[in-house]
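So the chains spell out like this:
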Amino acid sequence: MGETFSRAIQWSSDADQLENSPLNNDILTEILLFTEDFDDRYPKEARILFREPLQWKTSLEAADFTSDIYDTRGEAAVSLECDDNRSPLLQLSPPDITVHSFYHLSNLLQLSKDKTMKEIRACLEANREPIKKIFGPISPTIHEDKLFNILHQLDEKLLNIAVRPLTGEGRLSPEAVNTEVDLLKRFCGTGENRALKSVSYTSDYVFSNGCRSPPWRQMDGEICSLIIETCDTEPTLFITCSTSGVFFDERINGEGGVNYYMRKSELYKDIMTLLKNMSPHFAVAANEQDFAIQDVPSAKKILHVETVDVGETGQTLKSYDHEEKNVPEKVRQQLARNKPGGRKKKLEPSLKWKNLGLASSYDEAEERSRRSRESKKILENGTKSPASENKKKANFSGSSLPGCQSSQKIKSPGGAGDFSESSSEDEEDEEQPERRAEIPTDLPSEYWQIQKLVKYLKGANQTATVIVLCALRDFNLVQETCQLAIRDVGGLEVLINLLDTDDIRCKIGSLKILKEISCNSQIRQTIADLGGLQTMVSILDSPDKELKGLAAETIANVAKFRRARRTVRQHGGIKRLVELLDCVPNGVSMSAEQERDVEVARCGALALWSCSKSTRNKESIRRAGGIPLLARLLKSSQKNMLIPVVGTLQECASEKSYRIAIQTEGMIEDLVKNLSCDNQELQMHCASAIFKCAEDKHTRDLVRQYEGLKPLVMLLNEAENKQLLAATTGAIWKCSISLENVAKFQEYKALEILVGLLKDQPEEVLVNVVGALAECAQISENLATIRKSGGIQPLVNLLTGTNQALLGNVTRAVGACATDPENMVIIDRLDGVRLLWSLLKNPNPEVQANAAWAICPCIENTKDAGEMVRSFVGGLELIVNLLKSQNKDVLASVCAAIAKIAKDVENLAVITDHGVVPMLANLTNTGDDKLRRYLAEAIACCSPAHHDRIHG
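Since we're looking at a predicted model, the values are computed, not measured.

### Let's talk about the overall build of the protein chain
Helix and strand content of the protein chain: 51 helices and 12 strands. Within the protein chain, buried positions represent 55% of all 952 residues. Contacts in the protein chain between residues far apart in sequence, at least 24 positions, make up 72% of those at least 6 positions apart. Here the protein chain has roughly 41800 Å² of accessible surface; of this, 48% comes from carbon and sulfur atoms.

### What to know about the pairing of strand β1 (residues 54-57)
Side chains Leu 54 and Trp 56 project from β1 onto a buried face, and the interleaved Gln 55 and Lys 57 project onto a face without burial. Two strands pair when backbone bridges link them, and β1 and strand β5 (residues 96-99) are joined in this way by 4 bridges, in the antiparallel orientation. Considered in β5, the bridge of Lys 57 is made with Asp 96.

### Overview of unusual backbone geometry
The bulk of non-glycine residues show a negative phi, and the bulk of peptide bonds are trans. Of note, the amide linkage connecting Pro 94 to Pro 95 takes the cis form, showing an omega dihedral of 5 degrees. Along the chain, Pro 95 turns up in the loop between β4 (90-93) and β5. Here the phi dihedral of Lys 749 falls at roughly 60 degrees; this positive angle occurs in a residue that is not glycine. Position of Lys 749 relative to the elements: it lies in the loop between α37 (739-747) and α38 (750-756). Residue Lys 749 is classed as exposed on the basis of its relative accessible area, which comes to 51%.

### A look at the environment of Ala 552
Along the polypeptide, Ala 552 turns up in helix α24 (residues 545-558). Taking relative accessible area as the criterion, Ala 552 reaches 0% and is therefore assigned buried. Distance in space between the C-alpha atoms of Ala 552 and Leu 577 is 7.2 Å, their sequence separation being 25 residues.

### Focus: the packing of aromatic side chains
The final tally for this structure, using the stated rule, is 10 aromatic pairs. Relative to Phe 102, the ring of Phe 50 lies with its centre 5.2 Å away and its plane at 85 degrees, an arrangement referred to as edge-to-face. On the criterion of sequence distance, the pair formed by Phe 50 in the loop between α4 (43-46) and β1 and Phe 102 in helix α5 (residues 102-112) is long-range, its members being 52 residues apart. As far as the burial class goes, Phe 50 and Phe 102 line up, both buried. Ring plane angle 35 degrees and centroid distance 5.3 Å describe the contact between Trp 837 and Phe 872, whose orientation is recorded as tilted. Taken together, the residues span a long stretch of sequence, with Trp 837 in helix α44 (residues 832-838) and Phe 872 in the loop between α46 (865-870) and α47 (875-881) at a distance of 35 residues. The rings of Phe 34, Phe 38, Tyr 42, Phe 50 and Phe 102 are connected pair by pair, giving a single aromatic cluster.

### What to know about the state of the cysteines
Taken as a whole and assessed by the stated rule, the structure comprises 0 disulfides. Unpaired in terms of disulfides, Cys 231 finds its nearest cysteine sulfur in Cys 188, a separation of 8.6 Å. Residue classification places Cys 231 among the partly exposed positions, given a relative accessible area of 29%.

### So, α5
Taken across its 11 residues, α5 has 10 buried, putting it largely inside the fold. Buried within α5 we find Phe 102, Tyr 103, His 104, Leu 105, Ser 106, Asn 107, Leu 108, Leu 109, Leu 111 and Ser 112. Positive backbone phi, at 55 degrees, marks Lys 113, one or two positions downstream of α5.

### What to know about the sheet that holds β5
Two orientations exist for strands paired in a sheet by backbone hydrogen bonds: parallel and antiparallel. Read across the open sheet, the 5 strands follow the order β1-β5-β4-β3-β2; overall the sheet is antiparallel. Either end of the sheet is taken by a strand with one partner, and the two such strands are β1 and β2 (70-73). Averaged over all pairs of adjacent strands, the angle between strand axes in this sheet comes to 10 degrees, irrespective of strand direction. Two strands pair when backbone bridges link them, and strand β3 (residues 76-79) and β4 are joined in this way by 2 bridges, in the antiparallel orientation. Each residue of the ladder has a partner; that of Ala 77, found in β4, is Leu 92. Across the sheet, α5 touches β1, β2, β3, β4 and β5, and the angle it forms with β5 is around 135 degrees.

### Here's the deal with the environment of Leu 108
Within the element layout of this structure, Leu 108 appears in helix α5. Spatially, the C-alpha atoms of Leu 108 and Glu 36 are 8.5 Å apart, while their sequence positions differ by 72 residues. For Leu 108, the contacting residues outside a window of four places in its chain are Trp 56, Leu 60, Phe 65, Leu 90, Ile 97, Val 99 and Glu 119.

### A few points about the pattern of salt bridges
Inspection of the entire model under this criterion finds 35 salt bridges. Residue Lys 734 pairs with Glu 695 through a salt bridge whose shortest N-O separation is 2.9 Å. You can see Lys 734 sitting in helix α36 (residues 722-735) and its partner Glu 695 sitting in the loop between α33 (680-693) and α34 (697-705), a full 39 residues away along the chain. By relative accessible area, which is 1% here, Lys 734 ends up buried. A salt bridge links Arg 932 to Asp 929, with the shortest nitrogen-to-oxygen separation between them at 3.5 Å.

### Comments concerning the side chain of Thr 35
Tracing the chain through its elements places Thr 35 in helix α2 (residues 22-36). Filtering out sequence-adjacent residues up to four positions away, Thr 35 remains in contact with Arg 41, Phe 102, Leu 105, Ser 106 and Leu 109.

### Structural notes on the environment of Gly 74
Among the structural elements, Gly 74 can be located in the loop between β2 and β3. Gly 74 gets classed as exposed once you look at its relative accessible area, which sits at 69%. Considering only alpha carbons, one finds Gly 74 and Ala 62, 12 residues apart in sequence, at a separation of 7.4 Å.

Definitions and cut-offs
- Residues numbered from 1 in each chain as written.
- Predicted model: local features only at pLDDT ≥ 70, side-chain atom pairs only at ≥ 80, totals over all residues.
- Heavy atoms only, no water.
- Helix = DSSP H or I, 4+ residues; strand = E, 2+ residues; numbered from the N terminus.
- Buried < 20%, exposed > 50% of the residue type's maximum accessible area, 1.4 Å probe, protein only.
- Contact = heavy atoms within 4.5 Å.
- Areas by Shrake-Rupley, 256 points an atom, 1.4 Å probe, with all protein chains shown as cover.
- Pairing = 2+ DSSP bridges.
- Phe/Tyr/Trp six-rings, centres within 6.5 Å; stacked < 30°, edge-to-face > 60°.
- Disulfide = S-S within 2.5 Å.
- Axes fitted to C-alpha atoms, helices over the stretch in contact; angles between N-to-C directions.
- Salt bridge = Lys/Arg side-chain N within 4 Å of Asp/Glu carboxyl O.

None of the figures reported here should be taken as evidence of function without further support.
Okay, structure coming up:
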């Protein structure tokens, strides 16, 4: 897609169709992998509308669009989601199809099943330059920048594929060049015996394939460019390294100070050979310093590094679960190479150094040796132990709370808007090892004992295998040393292979070990890489209940990152896990068999909890019939069952279909009941589920009817547990949208407690607290309560923050408080009006709109309001300029503010000079009722002085 796609893709002779070549197939497969689950990986970016839709001839029919987000009408199909002009974002009129976003493109590929490659090919053939359609002829907006960078990552992946054929036997690779440059730097110095003055790259940015040259030059095989200062040649040498060899460049000064380079020499096999030909001093010095090379570890090997396929360097080509750490701002140079002497970027460690000093690829023994050294280094440098990680998770659950992700919907007088997705998929969940306190560098004896046992495991018979597995379980497998010992000696491969055996004892023993050690992020990613998840999913069909439970619990541990969750879904794991939930959770006296069923259901709920962080998995759980089964398990009295069940529900409650089901299945009553339990983790998840569901008025009423408001207020006293506090304040915020609930909160003295939480709290808590106060302030008698409790000053202080969700709520709260004249005096004294006015410049339209709404009561309740408004330099121009906004709520709020401002004659004269009247007149064709109301008010206030002009 972009530069690489247009240059690398191979077209047929008539240029109408893509060639059926291996390179094209690789590129199309990469694009398919990138697009297929795009909305799952990047939920916000997937919703950004293309500047111009993608259109092509499709082989799909209306019957293929089985998802409930599409409406089929005879042979046609349209999406229920529309743009601002009420046009569907996907339209099918066979054979033509039109798609406006990656969300619907991704869904389309999911629905096309075995036709996916055909659809990708047809789309690309009909849209030769898709990037131009996505972003149009102008630069990406601030909202599109992230999407631009994501697509740039794809461009780099395609580049890896395109340059792969250029490397091979007898050709240079990025690894070989990097190793030689590293060696040449040892010849540099300041003494008389130095061979070189300096060696440096022209670019510090390293692409994922190890190259430093711009993508369009990589297409021609170039790897990097170097600046080398020798002791006897002038001018400085400019050298280019390519897969074909190394050559000398001559720099040419172009117009505008841009440097161009032209090849001026023959090809040399490596940099050393070129330098010996170009610099006699270097040739002599290098030969004299051969003895010094012997002191360099593996120096002889370094000088003769075998080439490595570019595709092997950096990140795996087909992995989109991580964003690149070194994403460039944009590729600025179109014709020139990166200029030397530019600002250096901070570099991230690159995987290309893993082969430093090795002449050939690893054999099994070398790989194990490397793993052992890596483990020792980890233990020396320190990473957070699984035990401490578990302790942290006990206090702060791994399940993301909407309040903790700043995902709340900010409700303004004109409606609601999302500052971010509520799905936990927003967060980066590819876990990285954390540092911990240093421990002794010598590996403990357990490390070596475990390695010996694993070696026995590889060649043992069934009986001996079971004995070894039991012996391994005697070790403390939650210790990182023990976990890495198993991994380093190849034990994970053996344990996963045992899952395919026919001996049930071996399977159970293996799973018990995998369940323990998969709490380590490195271990679980290796399990996924080795295909362990697919085997565990198949075990869920086993008739043995202990085996099924262990497989589900291990899946729960492994599915902590996005790729693993996708693997579970793609191999039918969601449906199988849902089937495990089918049991009777309570009984007067359960038989041993029923108790085993309940334990299996608990393990299944744990696995679904981990998997439910994915949007697609939530939908899969619903389709598999998981909601009524979860509702039944919610009746359980066992807390170890309730925690994963409620955890799954609160994750899924970000979807509207789940929120409706939670109401209709009668789950609100059970959630409310568990708010009063003695387990804070369970209380937290219940409050979080209410938080998400209370967007709906019926849910808010049910929470009140089941007497859930008082327990929520009581939980505000648990201020030490910030996760619980964030969930509780979020639930109170959403429940307070209903005035009947606000009356109850008044009765329970909730406002005074909320005001006390305005200081020294995390932003996740503050967003919810301020949101609740903004809702409660809609009742006039609460305005005095907020003032008397000392809430005005901390609210005004929060106007200086940067958190967009918090600013959206605090502007509403301050605006509501400003409707009281006594509060307004305090707000004015604290310079709150100026702070509100400054937020009109905030790039977030929700913050802009809420700030404008808040300014209205400030003008009404301030003496000499006209003079106050004029005192803000550029303030009137700023509010007039906001009339150019495309956001309807911003326009309505600005019109309301202009109506207040225009009541002052001098202010009216200023805004008239800035063309406010024709701008208002241009908005009169709107169909938005709220905007029409405030627009009419603004025009009415401006019309006495400009009656003729408006009617003209």
